[in-house]
Amino acid sequence: CFVVNATPIFDSKEAVAGTLVSFEDVTSLEQQKQSLMHALSELETSKDQIHQQNLRLQELASRDVLTGAFNRRSLYEQLEGLWNEFQSAGQPLNCIMFDVDHFKKLNDNHGHAVGDQVLKDVARTIQEAVPKPGFAGRYGGEEFCVVLPSMTSAAATLIGEQIRQAIETKLA
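Report on the accompanying structure. Here the structure is a predicted model, which means the values were calculated and not measured.

## Let's talk about the overall build of the chain
Here comes step 1: Looking only at helices and strands, one finds 5 helices and 5 strands in the chain.
Here comes step 2: Start at the N end of the chain and walk to the C end: the helices and strands fall as β-β-α-α-β-α-α-β-β-α.
Here comes step 3: Against the globule reference of 16 Å for 172 residues, the chain gives a C-alpha radius of gyration of 33 Å, more extended than a compact globule.
Here comes step 4: Considering only C-alpha atoms, the chain reaches an extent of 105 × 45 × 25 Å along its principal axes.
Here comes step 5: Here the chain holds 172 residues, and 26% of them are scored as buried.
Here comes step 6: Put simply, of all contacts in the chain between residues at least 6 apart along the chain, 52% involve residues at least 24 apart.

Below is the structure:
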């Protein structure tokens, strides 16, 4: 690679008397430029990968490994934010707690693998029944919490009953 420069040469009467042409070898500069462009492209790819990995880590940190529902820490964080927002706006915020009855007995009689499957099924059923912008989380053990913002207590009670019926129907 080279760069060509051409400059006119003028005589004493300002007429063009000739041209000065120079050639400069820029091969190494062009190679460095290509190398830098490649490194920049790799950095962009790496940046995107890191961003995707950070999103995945955030998801893993906020979700219960077994059920996929929000974990207790994430549940508290979201609930605290909503509490402050809704309290200052004077809007209703409902919270429903669910507990799987006789869960210890289920684990003792059928094993922890069956108990784990029951928890997964309960969590899935709850999450499918919770209308947006509501959400569900695993509070601990066999306990689940459903948060229903901007809903009257009567509507939240109805949702709670629908969730209970869905669990009874689908998982009985």
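## Topic: the sheet that holds strand 3 (residues 93-99)
Here comes step 1: Spatially, the 3 strands line up as an open sheet ordered 3-5-4, and their pairing is antiparallel. Each edge of the sheet is formed by a strand with only one pairing partner; in this case those strands are strand 3 and strand 4 (135-140). The mean inter-strand angle of the sheet, taken between neighbouring strand axes irrespective of direction, is 25 degrees.
Here comes step 2: Against the sheet, helix 5 (residues 153-171) engages strand 3 and strand 5 (143-149), with an angle of about 25 degrees to strand 3.

## Structural notes on the packing of aromatic side chains
Here comes step 1: Evaluation of the coordinates by the stated rule reveals 3 aromatic pairs.
Here comes step 2: Positioned above the aromatic ring of phenylalanine 70, the side-chain terminus of arginine 63 is 3.9 Å from the ring centre.
Here comes step 3: Taking the ring centre of tyrosine 139 as reference, the NZ or CZ of arginine 72 above it sits at 4.1 Å.

## Thoughts on the pattern of salt bridges
Here comes step 1: Per the counting criterion, the structure on display carries 9 salt bridges.
Here comes step 2: Among the ionic pairs, aspartate 108 bridges to lysine 104, the shortest N-O distance being 2.9 Å. Here aspartate 108 pairs with lysine 104, and both are found in helix 3 (residues 103-110), just 4 residues apart, close to one helical turn. Neither residue differs from the other here; aspartate 108 and lysine 104 are each classed as exposed.
Here comes step 3: In this structure, arginine 124 engages aspartate 121 in a salt bridge whose closest nitrogen and oxygen atoms are separated by 3.0 Å. One end of the pair, arginine 124, and the other, aspartate 121, are both in helix 4 (residues 112-129), 3 residues apart, so they sit about a helical turn from each other.
Here comes step 4: Relative accessible area serves as the criterion here: at 39%, arginine 124 is assigned to the partly exposed category.

Parameters at a glance
Residues numbered from 1 in each chain as written. Predicted model: local features only at pLDDT ≥ 70, side-chain atom pairs only at ≥ 80, totals over all residues. Heavy atoms only, no water. Helix = DSSP H or I, 4+ residues; strand = E, 2+ residues; numbered from the N terminus. Rg over C-alpha atoms; globule rule 2.2 N^0.38 Å. Buried < 20%, exposed > 50% of the residue type's maximum accessible area, 1.4 Å probe, protein only. Contact = heavy atoms within 4.5 Å. Pairing = 2+ DSSP bridges. Axes fitted to C-alpha atoms, helices over the stretch in contact; angles between N-to-C directions. Phe/Tyr/Trp six-rings, centres within 6.5 Å; stacked < 30°, edge-to-face > 60°. Lys NZ or Arg CZ within 6 Å of the ring centre and 35° of its normal. Salt bridge = Lys/Arg side-chain N within 4 Å of Asp/Glu carboxyl O.

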